[in-house]
Amino acid sequence: MTDHNADRRGELIAAALVGELSAVEAAEFERMRASDPTIDAELAELRALTGQLSDHPEWLDATPSDELRDAVLAFGTVDGGADGPQSGDRDRDRDRGSGSDRDAEAQAAPVTPLRRRRFGGALLAGVAAVGLLVGIVGGFFLPRPETPPPVGDPGTLGAVEPVDFQGEPAGVEIDGSVVAHTWGTETLLTVTGLPSGEFYSVVVVDATGDDVGSGTFLGSEVEINCAVNAAALREEVTSVEIRGESGDVVAAAALPRVEG
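Here is what the cut-offs are and how they apply
Residues numbered from 1 in each chain as written. Predicted model: local features only at pLDDT ≥ 70, side-chain atom pairs only at ≥ 80, totals over all residues. Heavy atoms only, no water. Pairing = 2+ DSSP bridges. Helix = DSSP H or I, 4+ residues; strand = E, 2+ residues; numbered from the N terminus. Axes fitted to C-alpha atoms, helices over the stretch in contact; angles between N-to-C directions. Core = buried A, V, L, I, M, F, W, Y, C linked by side-chain atoms within 4.5 Å. Buried < 20%, exposed > 50% of the residue type's maximum accessible area, 1.4 Å probe, protein only. Lys, Arg positive; Asp, Glu negative; His and termini not counted. Salt bridge = Lys/Arg side-chain N within 4 Å of Asp/Glu carboxyl O. Polar contact = N/O pair within 3.5 Å; in protein donor to acceptor, adjacent residues only side chain to side chain. Contact = heavy atoms within 4.5 Å. Phe/Tyr/Trp six-rings, centres within 6.5 Å; stacked < 30°, edge-to-face > 60°. Lys NZ or Arg CZ within 6 Å of the ring centre and 35° of its normal. pLDDT = per-residue confidence, 0-100.

Peer 1: How should I be thinking about the sheet that holds strand S10 (residues 249-254) in this particular structure?
Peer 2: Working definition: the strands of a sheet are paired by backbone hydrogen bonds and lie parallel or antiparallel to each other. With respect to topology, 4 strands assemble into an open sheet ordered S7-S6-S9-S10, the strand pairing being antiparallel. Every interior strand has two partners, whereas the edge strands, strand S7 (211-218) and S10, have only one. Across the sheet, the axes of successive neighbouring strands diverge by a mean angle of 20°, strand direction being ignored. Where strand S6 (residues 199-206) meets strand S9 (residues 237-244), 7 bridges bridge the pair, whose relative direction is antiparallel. Within the sheet, the bridge partner assigned to Tyr200 lies in S9 and is Gly244.

Peer 1: What am I meant to see in the nonpolar core here?
Peer 2: If you look at soluble globular proteins, the nonpolar side chains tend to sit buried side by side. Phe165, Ile174, Leu189, Phe217 and Ile242 are the most contacted members of the largest nonpolar core, which totals 25 residues. At the level of elements, strand S4 (173-181), strand S5 (184-192), S6, S7, strand S8 (224-230), S9 and S10 are the ones that each hand at least two residues to this core. Ranked by residue count, the leading element in this core is S8, at 4 residues.

Peer 1: What should I look at first to understand the sheet that holds S5 in this one?
Peer 2: If you trace the 4 strands from one edge of the open sheet to the other, you get S3-S4-S5-S8, paired in antiparallel fashion. Every other strand in the sheet has two partners, leaving strand S3 (160-163) and S8 as the edge strands with one partner each. Across the sheet, the axes of successive neighbouring strands diverge by a mean angle of 25°, strand direction being ignored. Examined bridge by bridge, S5 and S8 share 7 bridges and lie antiparallel to one another. Bridging across to S8, Thr190 finds its partner in Asn225.

Peer 1: What is the right way to look at the side chain of Asp206 in this model?
Peer 2: Counting through the fold element by element, Asp206 comes out in strand S6. Here Asp206 is buried and forms no salt bridge, its nearest opposite-charge partner Arg257 lying at an N-O distance of 9.8 Å. Within the structure, Asp206 has its side chain in polar contact with the backbone nitrogen of Asp210 (distance 2.9 Å). Those residues within four positions of Asp206 in sequence are excluded, and the remaining contacts are Glu236, Val237 and Thr238.

Peer 1: Honestly, the packing of aromatic side chains in this entry has me stumped. Any pointers?
Peer 2: Two measures describe an aromatic ring pair: the distance that separates the ring centres and the angle between the ring planes. For the structure shown, the criterion picks out 1 aromatic pair. Judged by centre distance (5.7 Å) and plane angle (20°), the rings of Tyr200 and Phe217 are stacked. In this pair, Tyr200 is assigned in strand S6 and Phe217 in strand S7, connecting sequence segments 17 residues apart. Exposure remark for Tyr200: the relative accessible area of 5% places this residue in the buried category. Owing to a relative accessible area of 9%, Phe217 belongs among the buried residues under this scheme. One residue, Arg31, lies across the ring of Trp183, its end atom 5.7 Å from the ring centre.

Peer 1: So what exactly am I meant to see when it comes to the pairing of S6 here?
Peer 2: Looking down a regular strand, the side chains alternate between one sheet face and the other. Burial analysis of S6 places 7 of its 8 residues in the buried class, the great majority of the element. Here S6 folds back onto S7, and the loop between the two strands holds 4 residues, one of which, Gly209, carries a positive phi near 90°.

Peer 1: So what exactly am I meant to see when it comes to the confidence of the model for the chain here?
Peer 2: Summing up the model confidence of the chain, the mean pLDDT is 77 and the portion of residues at 70 or higher is 65%. Of the regions scoring below 50 in pLDDT, residues 81-88 engages in 6 contacts with residues more than four places distant in sequence or in other chains. Ignoring residues within four places in sequence, the model shows residues 136-142, a span with pLDDT below 50, making 14 contacts including any to other chains.

Peer 1: Quick question: what am I supposed to make of the pairing of S5 here?
Peer 2: Along S5, 8 of the 9 residues are buried, which leaves the element largely enclosed by surrounding structure. Pairing between S4 and S5: 9 bridges, direction antiparallel. The residue of S5 that forms the bridge with Val179 is Glu186. Between S4 and the antiparallel strand that follows it, S5, lie 2 residues.

Listed below in structure tokens is the structure:
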């Protein structure tokens, strides 16, 4: 089953790191931080990393030393002598003269300072941010200690609680879970086989029998993976239902009671 909660967590951390949270996302991120204290520590580590990377200069200019210049010219002289003809004093004298001419030309040539590219702060910070985004999309996240998801009995904040949907039509498969949060109950769904384009809604039913809307989606020819939220605390929820546009129940999952 796809971990939608982890995907959303990574998206919001990435956006917070580069200062791109919308007002709605900022509010969602604050709620997520309240239920998962490891987010603040992770965000601080990533900010410290990008801050260290931004301290490097863009360019490093350097002029070759006299010793390096002499060593290069001497190497050229030796190389020229080795390649010249070796028969007779006249040939050797001519080779030495040619070498001297090359030395004079090299000494007269202007010396251009070496300009060596060094990664700068903006570039490295951008690389870090791109790496973070690639981690969200492709699974390659910036190296960090793995934080296991919370585990516990039904109703444990942040813990993924599998539920068993019953009554789905032939050819339809529904895999679902719920997650308890301080702001409500999240339902995670993986669905295949529902008619493409048809409207469906997800509702949770509380102990008094009242419906609380959680979200909507359309049937699709490909596998559906979605996460929806209802403004009802987990201890108030007794079941989750998927309904068609007519209001008929397509599938339902009973949830165990949780003490508030």
